[in-house]
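Here's the letter readout for the chains.
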Amino acid sequence: MRYFFSFIIIPIVLLYSCNETEKTSDTTNSQELSQEQLEQEVWDAIEGRFKSWKDNDFETYMAYHHPDWKKWESRKNELTTKEGMAKFWEIMKAEEECLEMEVTPIEIKILDGGKSAIAHYTHTETFTYYGEDMPDGPTKGNTFRGTLRWSDFMVKENGKWLVIGGHRDMSMPEGKLVQVND
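Residues numbered from 1 in each chain as written. Predicted model: local features only at pLDDT ≥ 70, side-chain atom pairs only at ≥ 80, totals over all residues. Heavy atoms only, no water.

Participant: Help me understand the side chain of Ser52 in this model?
Facilitator: Secondary-structure assignment places Ser52 in helix H1 (residues 2-54). Residue class for Ser52 comes out buried when judged on its relative accessible area of 3%. The residues contacting Ser52, other than those within four sequence positions of it, are Asp57, Thr60, Tyr61, Tyr64 and Trp89. (Helix = DSSP H or I, 4+ residues; strand = E, 2+ residues; numbered from the N terminus. Buried < 20%, exposed > 50% of the residue type's maximum accessible area, 1.4 Å probe, protein only. Contact = heavy atoms within 4.5 Å.)

Participant: Hey, could you run me through the nonpolar core in this one?
Facilitator: Burial of nonpolar side chains together is a common tendency in soluble globular proteins. Counting residues in each nonpolar core, the largest one holds 27 residues, and the members touching the most others are Val42, Ile46, Ala119, Tyr121, Met154 and Trp161. Within the residue set of this core, elements represented by two or more residues are H1, helix H2 (58-63), helix H3 (82-95), strand S3 (96-111), strand S4 (116-129), strand S5 (143-157) and strand S6 (160-169). Non-local contacts of Met154, meaning those with residues more than four positions away in its chain, are made with Val42, Ala45, Ile46, Lys115, Ser116, Ala117, Trp161, Leu162 and Val163. (Core = buried A, V, L, I, M, F, W, Y, C linked by side-chain atoms within 4.5 Å.)

Participant: I'm lost on the pairing of S3 in this one. Help?
Facilitator: On any regular strand, side chains alternate: one points to one face of the sheet, the next to the other face. For S3 and S4, the ladder comprises 14 bridges, and the chain directions are antiparallel. Looking across to S4, one finds that Pro105 is bridged to Tyr121. Connecting S3 to the next strand, S4, in antiparallel fashion are four residues, including Asp112 with a positive phi near 55°. (Pairing = 2+ DSSP bridges.)

Participant: Would you explain the pairing of strand S1 (residues 65-72) in this entry?
Facilitator: As paired elements, S1 and S6 share three bridges and run parallel to each other. Within S6, the position partnered with Lys71 by the bridge is Gly166. Note: S1 against strand S2 (residues 79-81), three bridges, orientation antiparallel. Bridging across to S2, Trp72 finds its partner in Leu79. Once S1 ends, the chain turns through six residues before running back antiparallel as S2, passing Arg75 with a positive phi of about 60°.

Participant: How should the packing of aromatic side chains be read in this particular structure?
Facilitator: Where two aromatic rings form a pair, the distance of their centres and the angle of their planes describe that pair. Counted by the stated rule, this structure contains ten aromatic pairs. Ring centres 5.3 Å apart and planes at 65° place the aromatic pair Phe58 and Trp89 in the edge-to-face group. You can see Phe58 sitting in helix H2 and its partner Trp89 sitting in helix H3, a full 31 residues away along the chain. Of the residues examined, Phe58 reaches a relative accessible area of 27% and is grouped as partly exposed. (Phe/Tyr/Trp six-rings, centres within 6.5 Å; stacked < 30°, edge-to-face > 60°.)

Now the structure itself:
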């Protein structure tokens, strides 16, 4: 009986423990890939949102915003909502035509087991301004480039990453818009 135990049970235990070691190793690799995949999904959502802005696709742009989305209103001491974003869209699209858009990832942190994230990035936009001339600002018919800093708070719902809040730094790293045409 002792021989039976030695020849049958010990190899089964060894086989099982080796199999568990392989599973642990595969799980670790899977978690690393999962982290990279989650980060890529967040960047894809951010880039998709900006692409829809450039392409004047209002429905797609708004679909990247969570129903409870809020952020500080530009130059005001109040929060704006998704409805406020729709009004902002109308104003901006009447005054500017986006020519180029570049999103540059800086840092991302996946939180809550892959259900939320904080993304920090810059976006550089080149646009032609059609609004009223502004003192020390854009003038009608000229093309400008500016870089803004962003922090987005994202949540994943129904397999889709949505921005639920964040901050846009209007000071721009260069500190001003640069006119790129003569």
